[in-house]
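Now for the letters of each chain:
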Amino acid sequence: MQRYGESLKLWRTDNNLTQIDLSEKTGIPQATISWIETDQGVASIQQCVILADYYGISIDELIGREIPPTKTIKKNL
């Protein structure tokens, strides 16, 4: 899994956005975007929701998380 901030930066740059552009479109301050992308801190869940909604993706995709296949749970009856 790639670094959290690196994944967020990749989404931004792949969409040809500057930090200022993304800030204006999402309401997240540019300084906060920079702080997150340089791994000085992590986005709040609310900020992750805003970013994922903006890009039209899941939060897992946003942060570069790969989801393992689901296992079937057997229940004893």
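Caption draft 1: Representation of the overall build of the chain. What the chain contains, in helices and strands, is five helices and zero strands. In the chain, the order of α-helices and β-strands from amino to carboxyl end is α-α-α-α-α. In the chain, which comprises 77 residues, the proportion classed as buried is 34%. Long-range contacts, defined here as pairs at least 24 residues apart, represent 55% of the contacts in the chain between residues at least 6 apart. For the chain, the accessible area works out to roughly 5,600 Å², and carbon and sulfur atoms hold 53% of it.

Caption draft 2: Structural view of the packing of helix α2 (residues 19–26) against helix α4 (residues 45–55). Close contact between α2 and α4 brings their axes to 11 Å; oriented N to C, the two are set at 100 degrees. When the axis of α2 is compared with that of α4, the two are roughly perpendicular. Contact with α2, carried on its side by L22, K25 and T26, involves I50, L51, Y54 and Y55 of α4 and no other residues of that element.

Caption draft 3: Spatial organisation of the side chain of S23. One can find S23 in helix α2. Taking the relative accessible area as the measure of exposure, S23 reaches 16% and is therefore buried.

Conventions and cut-offs
- Residues numbered from 1 in each chain as written.
- Predicted model: local features only at pLDDT ≥ 70, side-chain atom pairs only at ≥ 80, totals over all residues.
- Heavy atoms only, no water.
- Helix = DSSP H or I, 4+ residues; strand = E, 2+ residues; numbered from the N terminus.
- Buried < 20%, exposed > 50% of the residue type's maximum accessible area, 1.4 Å probe, protein only.
- Contact = heavy atoms within 4.5 Å.
- Areas by Shrake-Rupley, 256 points an atom, 1.4 Å probe, with all protein chains shown as cover.
- Axes fitted to C-alpha atoms, helices over the stretch in contact; angles between N-to-C directions.
- Parallel < 35°, antiparallel > 145°, perpendicular 65-115°, else oblique.

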